[in-house]
Each structure stands twice: as C-alpha cells, then as structure tokens.
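Architecture at a glance
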Amino acid sequence: MPSLHAALAAPSSQQADVVIYGATPGGIGAAVSAARLGRSVILCEYEDHIGGIVSNGLTNADIGKRQAVGGLFYEFTRRVVKRYEEQDRNDPAKPNLKLCRDGYWYEASAAEQIFHQMIEGEAPRIRLLLRHELVAAQVDRNQLTRITLESRQDPGTRIDLRAPVFIDATYEGDLAAMAKVPFRIGRESRSEYQEAHAGRIYMRFRDTALLPGSTGEADQATQAFCFRFHVTNDPAKRIPIEKPNGYQRADYALTLEDLRAGKIQRFRDVIQVYPMPNGRFELNSDHAHPDTGIPRESLDLAEECWAWPTSSPAARRKIYERYRTHNVGLIWFLQNDPEVPETVRQDALQYGWHKEEWPSNQHIPRQVYVRQGRRILGDAILTERDADVDPKLQRTRVQPTSIAVIEWAFDPHGHHKYDPAHPGVREGYIFVEHEPFQVPYGVVVPQKIDGLLVPVACSCSHVAYNALRMEPVFIALGEACGIAAHLAIDRKVPLRRVPVDALQTLLVERRGVITFYGDLHFQDPAFAAFQWLGARGLNPGYEASKEEKLTQRNAAEKLARVLSFAGKTWQIPASATDRPLSTSVLTAWLQNAGYLRQSQRAASEMLDLAQFAAIVYESIAPLNGQK
C-alpha cells in the first residue's frame, strides 16, 4: 500500500525574490519593505488571516518610549489615526481619536484591515498565500533553497516555493527549525551569560530584589500564554459569554479563596481591562500586585504551554482549546458562580463579546498569545548584558550593526503555577526596567544556514527576548529583514555578508530607528543622520541636542569616535581648539580621513550638531544604500 506522501500529486511550483512564512506583523513588515524596494514577495500563512496576535487582541501597543520604534510601525500608527479621524469627523468630542492614543491603541479588526491595506498597496509584488502548512524545507550545502507547503483547504495539494531569500516570521521559528537551524527553548542559567535575572526566579513586580527560591537554574519552561479578548459593555453590541465546554471550576480555586477572604472586590482585581475605540475593552492577564498580592491567578495559564514551541499544529490546537476553555471559563466563573459575591458578578456581567470582532470564531480570538517560542542561535546573541550602561557614553552598548531599538522592560510572565510557599509572586514573572538598547543585525541571521532570516524567533537569551518580544519591535526587525533581503539579491552576497551600513541607510531614510534619542522626532530633517551616526557613538546619553554649537575640540572627539566604530583610526588634530567649528575645518578633517565626497550644505563658520551630523553622514554613509 503506497504511503500518503507517495499518493500525493506532484507539487506545483512558484518562485519569488523573497518567500516569507508567517504573516505576523514581523512578516508583514518584511514583505512590505522588500516589495517597496522592487522585490517580488510570497507571504505565506498557516492561518486564514494575517496580523498574528495584533489581529487577535493585542491592540494595546507595548511601547513606552515612542521614539524607539519608527519606520513601518510608525506608518501603521498614522493609518490608525487617520481611520479614527474619519470616524469622528462629525463628533467634536473625538472619542475614538482620543482612545486610540495617537494611533498606538486600536481595534483588532482595524489592525487587520490596515495590514491588508499595506499589503495591497504593494500589489502585485506581494502575493498572499493563506491556510497553508509548512511540510518540508530543502537545504543544499547549508543554503535553504526551497520550502513545500500543503493547502489546509485542499489537503494533498502541495506547492513548492523557491527563492534566493526566505524569512521565517512565525512566533515559533517553525521554518528555521525545519531547516535545521540550531535553537533554544526555555531559560538559560544565570551563569551562562552572567545575567542577573536569568533562570528560575522569584521577584515582586517592578521590584529589584531577588526573593528566596531564585536559584538562577536553567530549565525548559516556557512562560504562560493567554488570550487578549475584546469585550464590550454596549448592550446593542454585547454577546453573552457562555460556559465553555470542558469548564473546570477547580481551575479557579485560588481566585475563589481570595473572593471568600474579601480580597477581590471587582472584575478588574482579577483581569486587566483597557478601554479601546468604539466601545471595546481589551482584556489581559494581570500580575500579582506587590501591595495586595492579588490576583494570585488570572488569564495566564502557566506550565500547560511548555510543549507549544516544538509541537505539531494538531498538538498546538489542543493547547489552544485548553487555554480557550480556561480563559473563557474564568470570565464565566466571575459572572455566574454562586459563590462569587453579587457585586463582583454584576461588575463582571457588564462585559460580553463584541459582536463585530471575530464573528467567524464565536467572537473569540483565533490565536492565543504565544509570548515565546523557539529562539534561534544566530551570528549574534542578545543578552541582558546588552542593556548595561557604558559609563563613558552614559548609554547602553553601541552596536554599529544596529537595526532596531528595544525599550520595553524585561517582562517575562510566570513559568510555573502559583505556589503558596511564595506569596505575592509567580515564579518567572518579573518586570525590570532598563535604558533603551540596540539590536545588532546578527540576531536575525541564523548560524550554519544561509538564505534565511528570522526576525521574530530571533537570537536572544530568554531574558533579553522578553524585552524584545513586542510587536512594534517585530515589525521593525521584519522591515530590516526585507531591506537585507533586497541588498543580498542586489549585491549577490549571502545574507550574513550584507553591507549593514547600506542596510542602515535604507532603514533610517525610511524613518526606521536604530538609535534612541528622546528629543528627535521622526520627521526631523536631521533624523537619518543622527540615527546612522548614533549607531557609531555620535552622542553620549539619549538626547540628540541637535542645536548645540560645537567647538573644534568637541567635534573632533565626536568624529574620532564615529570613525573608530566604523573601523577607521583617525587622530584628533593638534590644531583642534575651543574655537567654533566651521564647515571648512570639518571638510578638511573628512578629506584627511579619506572621505572626499563633497557636502551640498552651505558653508558656516559656527556649526551646530545637526549641521555637523548632516555633513558627516553625507560624507561617509552609503547614501541610498549605494557605496
């Protein structure tokens, strides 16, 4: 009897410049950026929709310092603003425009529609292939050359996709794993990278002290997942929440104990509620608050997702259903259980599913929030130590190959279920703030395998990944990968040999952020120059200070530092004094350093930092991505 594979018809074949598996926000960023550079793209997705968790409820963008992520993500936020401006054009109160918080909060359905608009804007260069499962990857002499997908709508129908560049934008790193890229799951030990917060750990939320039981030991634990539901309290659009099949009241024993003790007074004491545009509220799991110790449990369901990263789609579906039952069950419990106080039940009962969100899936998100899957081993490995502050530069380590910036706290959720022996905390759940730090290109370039980039399941320690794992950063890394794919094809070089200085130029000219400056707006004329030079140590601290007038001595120190990070030794001239810096002096220095490109800037006898940056950038950067 022939095997199933032998019975399959020969697969059809397609080719593109870039093939992307995973229509997550990171995959969409990669597709759009590559297409805008003229590349043909096939964007493939296992699900029947695009946008990953952003189209499935994570619509409260996790970004505190908004100048840390620009480029396509900033364009996305401008489209959000435009959408709500149009909705509110006849309402002087502008309720939805206010609730979108300058485009950083939005409805899940709105996010998906905007992602489609961005993709459709690049038609026909982007072809979208939904409901296809990755079943094979062919690697020839360490080069990924082909992947095979099977239609989920028409099982047995397969398609081969060939490309010089592939991008794995899945949360789990499925394509990378199938191509035999080395990867990790779980947590490193505290000693492996000398990370203070690695391994098994107990900490109070936003505290810095390690509590007893924090051994720092490595393990294979994966942090808890949850759903990011959208609900409403509008009776005209509210769908009642029904008791889920498989409901287990015992799942909420700790919550019931806290209700009986009077520690929980309202729905928001158990689940976080964020007001969103058009009468929606986004729900998220809550942490144990340091002052009250509640909620001891919320939507996060620890331990039961540990197998997810390396599981088959069928096994993942079972985990999805378990999370769905648990998370919906918690809301139903708070609304209906007779032991829940009447005041809490009535507070919870104001919410129901929004009838306009996910109508084809009973108004429940189609994806669970996979906070962490595999992490590849790349040419660079980002760790907690990359957030250490350099005392000389008063900022975190300068990364000359930076392609993005991280500013969110180290924020892993719980890895083990609540243990009463450790009151007020959940093992693995920490929130440790840090200064913004840069992400080097090597984290998206896998070891051993060529022809592949990985912007989502990228190369980080567990601790570092939990600052990086925010969707705005995934979009930024995807955008950089799309540009890198273009350059590799254009220059006929392997992805790990892409000229990163040219990649950075193309990125910053599109308002991508590779250096954090708190006072530099995306539309500033000096934006690209400060970003590119910032990856080469232009300024101490986190302010651009672009209007600062420069002395020759100060300017020479900056130029020497920039050139040293660019790999060139340049001696500060003895003639550099405290006199004002002029265009002629700076031009002479640049010519002496071997840069002969003439600046088009008007001559000045007293340059400020913005003028200095513009002249240096125009002299040494590969403008428009060209040498």
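Let me begin by describing the structure that accompanies this report. (Residues numbered from 1 in each chain as written. Predicted model: local features only at pLDDT ≥ 70, side-chain atom pairs only at ≥ 80, totals over all residues. Heavy atoms only, no water.)

**A look at the sheet that holds strand β20 (residues 452-453)**
What the 5 strands build is an open sheet, ordered β4-β3-β2-β8-β20; its pairing is parallel. In this open sheet, the two edge strands, each paired with only one partner strand, are β4 (126-129) and β20. The pairing of strand β2 (residues 18-21) with strand β8 (residues 165-168) spans 4 bridges and is classified as parallel. If you follow V18 over to β8, its bridge partner there is V165. Each of β2, β3 (41-44), β4 and β8 is contacted by helix α2 (residues 25-36), which is oriented at about 170° to β3, the strand it contacts most. (Pairing = 2+ DSSP bridges. Helix = DSSP H or I, 4+ residues; strand = E, 2+ residues; numbered from the N terminus. Contact = heavy atoms within 4.5 Å. Axes fitted to C-alpha atoms, helices over the stretch in contact; angles between N-to-C directions.)

**Describing the packing of α2 against helix α3 (residues 71-87)**
Close contact between α2 and α3 brings their axes to 11 Å; oriented N to C, the two are set at 100°. In terms of orientation, α2 lies roughly perpendicular with respect to α3. Here G29, V32, S33 and R36 of α2 lie close against α3, whose contacting residues are L72, E75 and R79. Looking at the contact of α2 with α3 residue by residue, the class counts come to 2 nonpolar, 2 polar and 3 charged. (Parallel < 35°, antiparallel > 145°, perpendicular 65-115°, else oblique. Nonpolar A, V, L, I, M, F, W, Y, C, P; charged D, E, K, R; others polar.)

**What about the sheet that holds strand β14 (residues 352-354)?**
Here we have 5 strands laid out as an open sheet, ordered β11-β14-β10-β13-β12, and antiparallel in their pairing. The strands lining the two open edges of the sheet, one partner per strand, are β11 (238-239) and β12 (271-275). Pairing of β12 with strand β13 (residues 280-285), which is carried by 5 bridges, proceeds in the antiparallel orientation. Residue pairing for β13: Q272 is matched across the bridge by N284. Packed on one face of the sheet, helix α8 (residues 313-336) meets β12, β13 and β14 and runs near 90° to β12.

**With respect to the packing of aromatic side chains**
Under the definition given, this model contains 27 aromatic pairs. Pairing F225 with W308 gives two aromatic rings, centres 5.7 Å apart and planes at 85°, and the pair type is edge-to-face. Highlighted residues: F225 in the loop between β9 (183-184) and β10 (230-232) and W308 in the loop between β13 and α8, separated in sequence by 83 residues. The class of F225 is buried, set by a relative accessible area of 0%. Note on F516 and Y542: the rings are 5.9 Å apart at their centroids and 55° apart in plane angle, and the pair reads as tilted. Here F516, found in the loop between α12 (500-509) and α13 (527-534), pairs with Y542, found in the loop between α13 and α14 (552-565); they are 26 residues apart in sequence, far enough to count as distant. Relative accessible area serves as the criterion here: at 8%, F516 is assigned to the buried category. Site record: aromatic cluster; members linked through ring pairs are F73, F76, Y104, Y106 and F115. A cation over an aromatic ring shows up here: R374 above the ring of F183, its NZ or CZ 5.1 Å from the ring centre. (Phe/Tyr/Trp six-rings, centres within 6.5 Å; stacked < 30°, edge-to-face > 60°. Buried < 20%, exposed > 50% of the residue type's maximum accessible area, 1.4 Å probe, protein only. Lys NZ or Arg CZ within 6 Å of the ring centre and 35° of its normal.)

**A word on the layout of surface pockets**
In this model, the largest pocket occupies a volume close to 770 Å³. E45, Y46, E47, P313 and R316 are, among the 33 residues lining the largest pocket, the residues nearest its centre. Counting only elements with at least two residues in the lining of the largest pocket, the list comes to β5 (132-140), α6 (174-178) and α8. The element best represented in the lining of the largest pocket is α8, accounting for 4 residues. The residue inventory of the lining of the largest pocket, partitioned by class, reads 12 nonpolar, 9 polar and 12 charged. In this structure, the second largest pocket spans a volume of roughly 480 Å³. (1 Å grid on protein atoms, 1.4 Å probe; cavity = no way out; pocket = protein on both sides within 12 Å on 5 of 7 lines; lining within 4 Å. Points joined across faces, edges and corners; volume = space filled by probe spheres on them.)

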